[in-house]
Every structure is written in C-alpha cells, then in structure tokens.
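So you can see what is in the structure, the chains are spelled out below.
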Amino acid sequence: MVQFLGKQGTTGVHVICNMHNPFTELIHMVTLDKTGKKSFGICIVRGEVKDSPNTKTTGIFIKGIVPDSPAHLCGRLKVGDRILSLNGKDVRNSTEQAVIDLIKEADFKIDLEIQTFDKSDEQQAKSDPRSNGYMQAKNKFNQEQTTNNNAGGGQGMGMGMGQGQGQGMAGMNRQQSMQKRNTTFTASMRQKHSNYADEDDEDTRDMTGRIRTEAGYEIDRASAGNCKLNKQEKDRDKEQEDDFGYTMAKINKRYNMMKDLRRIEVQRDASKPLGLALAGHKDRQKMACFVAGVDPNGALGSVEIKPGDEIVEVNGNVLKNRCHLNASAVFKNVDGDKLVMITSRRKPNDEGMCVKPIKKFPTASDETKFIFDQFPKARTVQVRKEGFLGIMVIYGKHAEVGSGIFISDLREGSNAELAGVKVGDMLLAVNQDVTLESNYDDATGLLKRAEGVVTMILLTLKSEEAVKAEKAAEEKKKEEAKKEEEKPQEPATAEIKPNKKILIELKVEKKPLGVIVCGGKNNHVTTGCVITHVYPEGQVAADKRLKIFDHICDINGAAIHVGSMTTLKVHQLFHTTYERTVNLTVFRADPPELEKFNVDLMKKAGKELGLSLSPNEIGCTIADLIQGQYPEIDSKLQRGDIITKFNGDSLEGLPFQVCYALFKGANGKVSMEVTRPKPTLRTEAPKA
C-alpha cells in the first residue's frame, strides 16, 4: 500500500594457553540472566587488537559494562574481552548489528564464549614490543564513542544491552588464580565506574502521552525532543534546541539503533502539495513509515530526502512503529508552517519498504480503496458542514473489530443525523484520510478542518448485546456437537477416536483375527494388552479400524486382566475361533504409550539370532523366538516386541527382504533398538 500526501550467571571455565601469542588467551563460558533487570549490561563494538606488526585479531569486543548489571555482577567479564560465540552461534566474523539482533532474540538469557587476554598492560609493554597494537586497541576502547554508527568502530548498543562508554582492558596476572583480578585494575578505573552511575544514562520517565516544549509546541513524550541527556552529553552538545526540542545529539541518542539519522526542515506552502508518497514495511508483522517517492514539484522536492528513507518523527510526533496509512493525518495535523522531519537513510539492500520507488505521481489519489476490501459492509456518507457536523467521536474498543474511532453522540436534527450517521458507527476515513488506526486527536483534527461537503466512510457494527448473543449461540452449538459426539455409536461402524474407550464389533465368521499382542503376568508388559502387529490376511486388517499400539481392554465384555493372566492365556484370547462376530473395547492413546531400549550382543559367525520376524510400517515384529541362542535376547526380548533399528540403521518402511538381509549378514557386534508398548493400567483387577 502506497500513500500520497497532498496539501493537508557463569558456567564452568575452560582455559586455553597459546604459547605463540604474547598474551595468554583465556577462553571461558559465561551465562547472563537478566531476569528482574532491564538489560544484560554490556556494550559492544567491532574492533581489532594487533598481535604483532603483521598480524591482528578482529571481532566483537566488550567496550562497556553497566554497574550492578548481570554482566557486572557475574564477575567474569571485563572491558576488552572478545565475544567468540553467543548462544552457540559463532560471532567472530559477525557485524555489531547481527550480534545485537541475537541478543534481542535471546529474551532473558544468553550464553557467551569469552576470550580474554591474561597479561597486564605494563608487563606486556616491557616484555614484547608488539604490545603497541594491544595498547592502541585499549586506548581505542577508552575513547568516547560518537553516537553516529558510521564513525569509527560504531556504537553497538541495543535492546537487552546497557549503555555507556568503553573502559580499558583489565588483565589478569599469570601467577594469580582465575578468581583474583589483576592489581592493574586501579582506583582510577573504579572512579570511572562510579561516574558511570552518576551520569544517569538510563531514562526511567513515563514516555506515554504528550508534553509541551519551551517554545510552546506539543510533542510526544517519546519524541527525541524530550530525550534526556546526561551531564557529559550536555557538555558536548553545543547545538541550540529548536522549537520541538531537537538537537542532533538528542536525536542520535533516542534512535541510536538506526542508521544515518538526518534532521530535515522545510517551510510548508498552503498552495503547494507536499508531494510525498509513503509506504509500509514489507513484513506485515512490522509497522514503519517509508518514503516511497518524492514529487520534484512538491514542497519536499528540494530537500535531502529520497525513496527508501524511513521517517521516524515529524514535529515531535513519533511515527516509528506506526502504520504508514495514518501518517498523512499526522502530517496535516501538525501546527505551524514549519515541518521538521527526522529520517533514517537506508542502504538499497536493507530490508524494509514493501514497494518499489514511486517515480510517477498522480494528480490525485484515493487512499481509502483498501477499506472496502477489508470491510465489505462499509458505506460512504456525505454530510454538508454548516458550522458544525453535529457529531461527537470517541476512541474505544469493540468486540467485533477492536480499537478505533466511534461515533459517540449525534446532534438532534443535524445534517449528520439526516444523512444516516448512527451512534456506534466506526469512523474509517474522512475525505480520503484514513482514520482506521488514528488516535482521538488525529481524528478530531481532521473533522475540525474539514469544510463544505465532508465525505466519511462508516461501518455500522453490531451492538455488544448482539455480539454476546452470537457468541452464546456458537457456544451452544459446540456443546450440542460435543453431546452428539458423546452419544453411543453403533459398534459395527463406530470410529476409533484418540484417548477414548470405544466399543467396536468385528465380523469374523470363524476366521482368525490375525494379530500379535503383548501382555501377561509373566510378560514384560503387565499393565495392558496391546496390539503390536496386524497380519494383512486377518479379519482385523480387513476391518481396517484397529492399528498397532491399540490397547484392547476387553473381549466380548470380559475384561483382560493381564496382571492375573499368563501370556499364553492372553494370546489364546486372540487365537480363538469366534463364530460370527467379536466385540472389543479399544483405547487408542495419543501420543502412543511406548518405551524404547537397546539390546547389544556379539553375534557369532554361523550362529543365527533365533528370531522369527514379520514386517510392519515401523520395523520388524518378533513373531517368535528360539530360547538359548543368546542370553541377551532371552532376558530382554519377547514375542510382540518391534525392532525399529538394527546397527544404527532404521528399519521403518524397508522391504522385508532388506531387513532379512541385514539380520542374516550381521556378524560381530550387533545393536538393536526395540520399541515396546507401555500402556496405562485401564482395567480394574477382578474382585476376590
């Protein structure tokens, strides 16, 4: 959619010593948990440390640690440490932004692989002339970083990361233990830490609502014009605040995660359109306001703005994370003839704008066409404004459509009432300006400035009572459907549903059932009788309702108490010849109730395993076994077990000939993965 604007915690430590490097490299793992804290408390920068005149180490380094943060309290991090990996992902060649994104995605916990250099600065300077590179890197970390990410090493601060300046690398003496800090971490360094806290970088003010600047302009509290600078930043900022409270220092601090920030000022001409086309983010889950095109004949044709720029503020009104469809109303509602925009210049390959740059500008555009696609029942109403429209609006929420602007009252006999406007209607647009996501001030501003015949797009919604009645009717239908499902089904056609006992009837006509089951008091399965194999020529297969791992609770009304029945007795129940039909109570667990284990043995050449196998969809079922071949098989396996892997190879879906060849040709060490039912006890023991 394109919019055109017109006139209006630490884990174990692993130490690696590199004898070819003048620094002893200490590599250890650190876990940071920010639960209860606002940030992890680390600032990062991409930089480099010279190992010698001809070699250097590059990567992501810690340039600052916030006092009393998780990074500070863990005691395992210091300024100048290099981050090798974050949550298992190698970041040695990553950009600052990529690492910041990883920290954002990590939520409350991150695992860091840290490389530190265990040698004090003074010792290094004396013992190795190559230490100049190290000291230069240390000084580089100590220098005050500018807020422009394009200058020097950049500023790697983001969500979940503390703010602050880098401090020098703190080393550790080789002769000292891992837990004891080097004495070079002096009082002057601690003094710098205390200044850190006094600077009060973290702004904890309430950023909701509006506030007036010293010049009398109303701006959002979250605007860069209301950004709080600490004492050091104020001393460096020599720029005078404009009418909206802007200085570049405040803008860069407020939007420190964005690239190439610019402040653009233009005088608006009431007779000349802005000539600005806006577009949203190509990811529909994200909200942004991008410049899709600039009309060279418009008011913005002569300023430094181009397609792809993201507009984050205009005259103290924050547009970042707001829908681009509502931006035109914001532009038209700003006071005065001066227009001050804050933009972020993006590279052509950056993720962002949902459309290609606009080069041809229409004389007029209709920004409301999409409304009728989204709300087919919306209607257009034209009302002549004769001093007043006769309507009152309110920002509210409706169960059917959510939040928006609604007609709260009508003046009796007004043109709006005569035109068919109704109390409760949702206001979607005013004179082609979309109000779908407007706030109260934006909507009332559009209505106040509208003159002559005002065209409104309205949507009549159902009353709250009607919506509740519909929901109640839907719930009633669901309850009735649930009761219908719970009614007893005809056993001959009953469908087996997961996690419910179902009575089914099978037609057998004196033919075998054709199944293998597990269960019995002298069996490895003592809690229920479960089907583990279905022969394709049996009556169970012909019925097509029963599957392997179905739990059979009773046969012809007689409960199967495997805890008091021998395995032979259980098997006989399924090998009996039934006259015409047999009734079974079945429970199909979802997920299946199973256990898996391995059986390992040494297979001798020429000696068979003694297993008779039948193939199924997940492996091979043991149809019978010969005792005395291998003690491991005798003690662990039984009839009905399913072998799902053989020597690490899955048997699922393999033809039986392939499975047979694997078993036949194996010699030496043999490993089998076995799947066996482990049902919940669902049949009560017989009363004595």
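Definitions and cut-offs
Along every chain, residues carry numbers that run from 1 in the direction the sequence is written. Where totals are concerned, whole chains, interfaces and linings use all residues; where local detail is concerned, this predicted model gives features only for residues with pLDDT of at least 70, and gives and counts side-chain atom pairs only at 80 or more. Hydrogen atoms and water are omitted, and side-chain values are computed over all heavy atoms in the structure. For the purposes of this entry, the term helix denotes a DSSP run of H or I that reaches at least four residues, the term strand denotes a run of E that reaches at least two, and both are numbered from the N terminus. All accessible-area figures derive from a Shrake-Rupley calculation using a 1.4 Å probe, and residue coverage is judged against the displayed protein chains alone. Take the buried residues of types Ala, Val, Leu, Ile, Met, Phe, Trp, Tyr and Cys, join any two whose side-chain atoms come within 4.5 Å, and each joined set is a nonpolar core. Buried means the residue's accessible area, taken with a 1.4 Å probe over protein chains only, is under 20% of the maximum for its type, while exposed means over 50%, and partly exposed covers the values in between. Contact between two residues is taken to exist if any of their heavy atoms lie within 4.5 Å; hydrogens are not considered. Only one rule defines a salt bridge in this text: a Lys or Arg side-chain nitrogen within 4 Å of an Asp or Glu carboxyl oxygen. At least two bridges found by DSSP between two strands is the condition for calling them paired. Pairs of N or O atoms within 3.5 Å make up the polar contacts considered here, provided that, within protein, one atom can donate a hydrogen while the other can accept it, and that residues adjacent in sequence are counted only when both atoms are side-chain atoms. Residue-level confidence of the predictor, termed pLDDT, takes values from 0 up to 100. A patch consists of residues whose relative accessible area exceeds 30% and which take part in no salt bridge; residues with like charges are grouped when within 9 Å of each other, and nonpolar side chains (Val, Leu, Ile, Met, Phe, Trp, Tyr) when within 5 Å. Charge counting treats Lys and Arg as positive and Asp and Glu as negative, with His and both chain ends excluded. In this description, the location of a charge corresponds to atom NZ of lysine, CZ of arginine, CG of aspartate or CD of glutamate.

Now for the overall build of the chain. Helix and strand counts for the chain come out as 16 helices and 33 strands. Only carbon and sulfur atoms are counted for the fraction: they give 49% of the accessible area of the chain, which is about 35,900 Å².

Right, let's talk about unusual backbone geometry for a bit. Cis peptide bonds are those with omega within 30 degrees of zero, and the linkage from Asp590 to Pro591 qualifies with 5 degrees. Tracing the chain through its elements places Pro591 in the loop between strand E27 (581-587) and strand E28 (594-603). Even without glycine at this site, Asp68 takes up a positive phi of about 65 degrees. On the secondary structure map, Asp68 appears in the loop between strand E4 (56-65) and helix H1 (70-73). Of note in this structure, Lys544 is not a glycine but carries a positive phi near 70 degrees. As for its placement among the helices and strands, Lys544 is situated in the loop between helix H13 (539-543) and strand E25 (551-555).

Attention now goes to the nonpolar core. Membership of the largest hydrophobic core comes to 24 residues, with the highest contact counts inside it found for Ile504, Leu506, Leu546, Ile552, Phe574 and Leu584. For this core, the secondary structure elements donating two or more residues are strand E22 (501-507), strand E23 (515-518), strand E24 (529-534), E25, helix H14 (567-575) and E27. Excluding its chain neighbours within four sequence positions, the residues that come into contact with Ile552 are Cys529, Ile531, Leu546, Ile560, Phe574, Leu584, Thr585 and Val586. If you look at the next biggest cluster of nonpolar residues, it comprises 23 residues, including Ile42, Ile60, Ala106 and Leu112.

Time to look at the pattern of salt bridges. As enumerated under the stated definition, the model contains 25 salt bridges in all. For Arg263, the salt bridge goes to Glu265, with nearest N and O atoms at 3.2 Å. A salt bridge links Glu579 to Lys510; the shortest N-O distance between them is 3.6 Å. Taken as a pair, Glu579 in the loop between H14 and E27 and Lys510 in the loop between E22 and E23 lie far apart in primary sequence, 69 residues in all.

It is worth spelling out the pairing of strand E30 (residues 619-625) at this point. Looking along a regular strand, one sees side chains alternate from face to face of the sheet. In terms of burial, E30 is largely enclosed, as 6 of its 7 residues are buried. Here strand E29 (residues 611-616) runs beside E30; their pairing, made up of 6 bridges, is antiparallel. By the bridge assignment, Ser612 is partnered in E30 with Asp624. The antiparallel hairpin formed by E29 and E30 contains 2 residues in its connecting segment. One ladder, built from 2 bridges, connects E30 with strand E31 (residues 642-646); its direction is antiparallel.

Among the residues of helix H11 (residues 440-449), those classed as buried are Asp442, Ala443, Thr444, Gly445, Leu446 and Leu447. Between the side-chain oxygen of the N-cap and the backbone nitrogen of Asp441 there are 3.2 Å, and the N-cap of H11 in question is Asn439.

Residues of the chain with pLDDT of at least 70 account for 81%, and the chain-wide mean is 79. Under a pLDDT of 50 for its full length, residues 7-24 has, in the predicted model, 53 contacts with residues more than four places off or in other chains. With pLDDT under 50 throughout, residues 119-200 is counted as low confidence; its partners more than four residues away or in other chains account for 186 contacts.

To continue, consider the environment of Leu458. Looking at the secondary structure, you find Leu458 in strand E21 (residues 453-459). Each C-alpha atom, one on Leu458 and one on Val430, is 9.3 Å from the other, the two residues being 28 residues apart in sequence. If we ignore the near neighbours within four places in the chain, the residues touching Leu458 are Ala378, Arg379, Val381, Val421, Asp425, Met426 and Leu427.

What follows covers the environment of Pro512. In this fold, Pro512 is placed in the loop between E22 and E23. Sequence-wise, Pro512 and Thr576 are 64 residues apart; in three dimensions their C-alpha atoms are separated by 7.5 Å. Once residues lying within four places of it in the same chain are set aside, the contact partners of Pro512 are Gly538 and Gln539.

On to the environment of Ile555, then. In this fold, Ile555 is placed in strand E25. Look at Ile555 and you get buried, because its relative accessible area is 6%. Sequence spacing of Ile555 and Asn583 is 28 residues, and the spatial spacing of their C-alpha atoms is 5.8 Å.

In terms of residue burial, E24 counts as a mostly covered element, since 5 of its 6 residues are buried. Both E23 and E24 contribute to a ladder of 4 bridges, which runs antiparallel. Within E24, the position partnered with Ile516 by the bridge is His533. Sheet topology note: the E24/E25 ladder contains 2 bridges and is antiparallel. The residue bridging Cys529 from the neighbouring strand is Ile552, located in E25.

Turning next to a negative patch on the surface. Taken together, Glu474, Glu475, Glu479 and Glu480 make up a surface patch of like negative charges. Considering the arrangement of structural elements, one finds Glu479 in helix H12 (residues 464-486). For Glu479, a relative accessible area of 44% gives the class partly exposed.

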